[in-house]
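# Breakdown of the fold
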Amino acid sequence: MKLSNILLINILLTAAFYVYSFVALGGGFPTIDSSGQEVVDWFTNHGGKAKTYAWTAAFVSLGLAIFAGQVAAVMPKPHRYIFFAGVIGFAITAQVQAWIWAGLAFHPQGLDPAAARTIFDIAAFWGPLVNGSTMTMALSFVALGLGASPVIPRWLLWLSVIFFAEQAIETITVFGESGFTAPGGTMNVYLGGVLGFLWVGGVTRWAMQRMNAATVSQN
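Everything in this summary refers to the structure shown in the same document.

### Comments concerning the layout of surface pockets
For the largest pocket, the calculated volume is near 470 Å³. What lines the largest pocket is a set of 28 residues, and nearest its centre among them are Tyr18, Phe90, Gly196, Phe197 and Val200. Those elements that place two or more of their residues in the lining of the largest pocket are helix H1 (3–25), helix H3 (47–73), helix H4 (79–106), helix H6 (126–144), helix H7 (154–170) and helix H8 (186–218). For the lining of the largest pocket, the element with the most residues is H8, which contributes ten residues. Grouping the amino acids of the lining of the largest pocket by side-chain chemistry returns 16 nonpolar, eleven polar and one charged. What the second largest pocket holds in volume is close to 330 Å³. Lining the second largest pocket are 22 residues, with Phe29, Thr31, Gly184, Gly185 and Val189 positioned closest to its centre. Every element with two or more residues in the lining of the second largest pocket is listed here: H1, H4, helix H5 (113–124) and H8. For the lining of the second largest pocket, a count of residues per class yields 15 nonpolar, six polar and one charged.

Quick look at the structure:
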């Protein structure tokens with residue numbers, strides 16, 4: 001099987017696990033707006049959903065590591081190292097957030113509501129902090145599109161610029177308290193998520209073309 005096909009299959013499976021993680025949670029899961037008692041009640045009644053969410057994070061992290069390695073392999077130095085660090089940073093942040101959710105679901109009965117909310121709030125701040133990793137990923141590609149001999153096409157440069165700018169703006173969620181700009185809320189998960197999917201799709205297309213071109217030149 002061609003390396004480019006492995007890259008495509010891997011990223012599609014990773015995306016499927018990522019989407020399923022939110023499907024598994026269903027509606028009504030707690031947010032940073034929830035009270036401590038609401039957090040305790042949800043994890044008491046829906047602990048299985050939280051554990052499934054954490055289970056999918058393991059496979060998302062695996063897929064991201066493969067994605068990082070394959071894409072970095074067709075990038076020049078030092079851009080490949082910057083990109084790789086960004087992807088791994090994203091994966092680690094997602095793992096930490098997921099294992100906190102799994103931990104809250106393990107013995108939620110009798111958990112003090114104030115303690116539960118504090119622990120949950122810590123997990124919610126994965127949103128604004130993971131932007132540091134996503135900006136790192138995007139910036140490595142922005143750099144590839146600049147200069148007299150750009151390595152990436154113009155459309156991917158602009159997509160990377162837009163993604164970087166949006167992720168930079170998203171860091172304001174660290175100061176948010178509720179609603180759209182709340183940490184780990186709509187801005188982080190949905191707006192950033194949609195743009196992130198589009199950008200990863202663009203990167204995957206470019207990397208597949210580089211892999212196929214390298215295969216042809218070797219033959």
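### Some remarks on the environment of Ser178
In this fold, Ser178 is placed in the loop between H7 and H8. We classify Ser178 as partly exposed; its relative accessible area is 45%. Between the alpha carbons of Ser178 and Ile32 there is a distance of 7.0 Å; along the sequence they are 146 residues apart.

Rules used in this analysis
- Residues numbered from 1 in each chain as written.
- Predicted model: local features only at pLDDT ≥ 70, side-chain atom pairs only at ≥ 80, totals over all residues.
- Heavy atoms only, no water.
- 1 Å grid on protein atoms, 1.4 Å probe; cavity = no way out; pocket = protein on both sides within 12 Å on 5 of 7 lines; lining within 4 Å.
- Points joined across faces, edges and corners; volume = space filled by probe spheres on them.
- Helix = DSSP H or I, 4+ residues; strand = E, 2+ residues; numbered from the N terminus.
- Nonpolar A, V, L, I, M, F, W, Y, C, P; charged D, E, K, R; others polar.
- Buried < 20%, exposed > 50% of the residue type's maximum accessible area, 1.4 Å probe, protein only.

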